[in-house]
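What the coordinates show
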Amino acid sequence: MSKSIIILSINSLGEYMKYIKGLLLLVGVYIITLGLIYIDIEDSRPIVSLFKNLQSDSSLEVVDFSVDKEQIKDTKPAPNKDRNAYYGDLHVHTKYSFDAYVFGVTASPDDAYRYAKGEGIEHPLGYEMKLKEPLDFYSVTDHGFYMGMIQAYADTSTDISQNDFAEPFHNLNRLDNLTVESAGERSNIFSSVLGATIIRPYPNWHPKLLKAYFTRNTQDALQSFDYKIHKSAWADIARSANEHNDPGNFTTFIGYEFTTSTDIEGGNLHRNVIFNSSKASIRPWTRIDSINPEDLWTWQDKLREKGVDTISMPHNPNGSNGQMFEMETFKGNAIDREYSEKRMRNEPIVEITQVKGTSDTHPLLSPDDEWADFEIMDVRVGSRPPTYSKPSGSYVREAYLNGLTLEFTRQGNPYKFGLIGSTDTHTGAGAFDESNYWSKVGLLDGDPENRGSVPLAEENVERLDEYMRAFNQPNSTIELEQGTYANTGFTQWGASGLAVAWAEENTRDSIFKAFKRKETFATTGTRIAVRFFAGYDLSSIDINSDSLVSDAYEKGVTMGADLMQDENKTPEFIVWAQRDKNGAPLQRVQIIKGWIDTNSGRPKENVYDVACSDGMNVDPITNRCPDNGARVNISDCSITNNVGSSELKTLWKDPDFVSSNKYFYYVRVLENPTCRWSTWDAIKRGYKPREDLHETIQERAWTSPIWYTPYESDVEVIPLGGTIRLRNID
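Keep in mind that this is a model prediction, so the values were computed, not measured. (Residues numbered from 1 in each chain as written. Predicted model: local features only at pLDDT ≥ 70, side-chain atom pairs only at ≥ 80, totals over all residues. Heavy atoms only, no water.)

**Describing the pairing of strand β22 (residues 586–596)**
Counting buried residues along β22, eleven of its eleven residues qualify, which places the element largely inside the surrounding structure. Summarising the sheet, β22 and strand β27 (residues 662–671) pair through ten bridges and their orientation is antiparallel. For L586, the partnering residue across the bridge sits in β27 and is E671. Relative to strand β23 (residues 603–612), β22 runs antiparallel, the two being bridged by nine bridges. Residue pairing in the sheet places I592 in a bridge with V607 of β23. Between β22 and β23, which pair antiparallel and follow one another directly, the connecting turn spans six residues, one of which, G601, has a positive phi of 75 degrees. (Buried < 20%, exposed > 50% of the residue type's maximum accessible area, 1.4 Å probe, protein only. Helix = DSSP H or I, 4+ residues; strand = E, 2+ residues; numbered from the N terminus. Pairing = 2+ DSSP bridges.)

If you want it as structure tokens, here you go:
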């Protein structure tokens, strides 16, 4: 062997050893990094505090999703200083939501906005969905959780669809599979396959774990997740919102749903999040980031520091098993003023009504309220089998009372919110009309048999039993007088609701500001309009004058606001309600009052009728209007003619007012009775209404409250043990 070859071999060996050392160093750094990440995640120690500084937060990256649109001559109406009522829906799902796509929905955000503007779009079962008249504003709020992923599994051209876990989803929504008969397969995918797919993380040694950790994007650590697909779906939702936004004529908001719940009993804690402009985060903050709503509020605060304002809106507290309006924090700590202020800063309004029931109050909570038993859904959202949701902590009126109680004990008021309605449709198109109802879940409840309003055909009983077993619901049918009915829980759902904002003009900025100041009201789908003012000199206003509204704004406060004590004066209230031209006449206007006794903090409530239809007067003893005689002919759903009012307007003083108590007041407006959707379904198919369901409903509206705040009390509430102080004695 020559000397030059020996030298070459030695040099090669040296290079090889350098390579091995470099590789070992890289592996060592990698292992140490994984170890530090493990310590940080599993058993947080101070040693990693500096290491955490290397993290970025992908959820706080802000993107301007503005689109270039052809400039059209400005036809924007002039602003109205007295404000207009704008009607909309802030809870709409399309194909990008995992549960919508699984149940046959292929409608895009563009389809949803076209529907809101008055165009017809197609239901998964093939019939047309169309509004009687367009809406003023709309927001597509697909689930942030796994947004866009199910559609990608179904599309066999995507890389992620080539994984074994995606195979059950392949071509799920092909045309020949958009049938009621496919419900069993889809239910199995939703109940079993989807859950098993989502919980597939990469192993602890995988580089994806490092990426997820350093970008604080936990989703990236999941094998079933593709961040590019997720961002693409979110960008398309944002693009569509910006493309359809037409200031002055039709307003859209970029939005999504934060779909979270308690991790033990499954108490619903869902919120919808909307953005105030064309700018939004690069991705939604989801339950994969945290299931704690308080972390969502922290994220919102951080976005606000970057110039992007948002609000989050809780929905379906009725299905929260008492968790939505609990008297402690998510982690079980005592509520304090900081918590209360943070919650109200970020979620100033709550969705009181939607397809999955109404959350005003419950007969067990308000036994003296004859109208409390209205469209009650009494199970937890998404529970399988349907599991009872306890009322306390789940309804708006009790939350208002609890908020006053927390204020009494100097903890702040985390429940000083305004009200809206929305639909939670999963077809892109809300069903607001009882006589033309398609429920919400696509193929699963898009026909009367499946939603339980008419008897099942004999051949459909076994099919229904099959797909309900997939939902862990063994009692899928019920035997009644006219035959075998579906017992799916859909009979507790309804054609509701609408969000309404009083705003100067139909623009993002104006309507968003209305949400922030809580000058909003909710309806069950009817387009009732209602004004509500409070003050100490409203009796000086001529309520029949053209200047009523401007005078009331000048001399008082409106819904969502505070009325501060003025010595021993008694507040006066003006209510003005107008009927929906396509709805039933108005029957009555009520003011619902809640308060706490200053001496004890004991909460109380009362319901006052304040205006009656047909010129009738309120009974001063019962505080109720006489029966106006409005009835419904159940055979054809016709209603009594020439009964009820087109508008109701009144000035009211609280006859039981005590100036030192804290109060809230909100308005409830009731229409004359009309047929419920289940009755309409039955008579259209030639059946009598199902005997265990309400045949009629009274469509209604609820305003945000006005809070009366007395002078600050010098009484200190001392809890048990609060007089004892322990100290260490050295």
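**Digging into the packing of helix α3 (residues 109–116) against helix α7 (residues 227–244)**
One way to put it is that α3 packs onto α7 with a least axis distance of 9 Å and a crossing angle of 30 degrees. What the angle tells us is that α3 and α7 run roughly parallel. α3 and α7 meet at a crossing whose hand is right-handed. Across from P109, D110, Y113 and R114 in α3, the residues of α7 making contact are D236, I237, R239, S240, A241 and H244. Residue composition of the contact of α3 with α7, by class: four nonpolar, two polar and four charged. (Axes fitted to C-alpha atoms, helices over the stretch in contact; angles between N-to-C directions. Parallel < 35°, antiparallel > 145°, perpendicular 65-115°, else oblique. Left-handed = near helix turned anticlockwise from the far one by under 90°. Contact = heavy atoms within 4.5 Å. Nonpolar A, V, L, I, M, F, W, Y, C, P; charged D, E, K, R; others polar.)

**As for α7**
Spanning 18 residues, α7 covers 26 Å between terminal C-alpha atoms, matching the ideal 26 Å at 1.5 Å per step. Turning to α7, its buried residues are Y227, H230, A233, W234, D236, I237, A238, S240, A241, N242 and H244. (Expected span 1.5 Å × (residues − 1).)

**Focus on the pattern of salt bridges**
Here the structure, examined in full by the defined rule, presents 42 salt bridges. Across the pair E504 and R83 runs a salt bridge, and its minimum N-O distance is 2.9 Å. Taken together, the residues E504 in the loop between β16 (498–503) and α13 (508–517) and R83 in the loop between β1 (62–64) and β2 (84–92) connect sequence positions 421 residues apart. Residue class for R83 comes out buried when judged on its relative accessible area of 16%. The closest approach of N and O atoms between D309 and K516, which form a salt bridge, is 3.1 Å. You can see D309 sitting in the loop between α8 (293–305) and β10 (310–314) and its partner K516 sitting in helix α13, a full 207 residues away along the chain. The class for K516 is partly exposed, based on a relative accessible area of 31%. (Salt bridge = Lys/Arg side-chain N within 4 Å of Asp/Glu carboxyl O.)

**Section: the sheet that holds β10**
Taken in spatial order, the three strands make up an open sheet running β7-β8-β10, and their pairing is antiparallel. A single partner strand is all that each edge strand has here, and the edge strands are β7 (255–258) and β10. Adjacent strand axes in the sheet meet at a mean angle of 25 degrees when their direction is disregarded. In terms of strand pairing, β7 meets strand β8 (residues 271–275) through four bridges, oriented antiparallel. Each residue of the ladder has a partner; that of F258, found in β8, is R271. The sheet contacts of α8 involve β7, β8 and β10, and relative to β10 the element is tilted by about 160 degrees.

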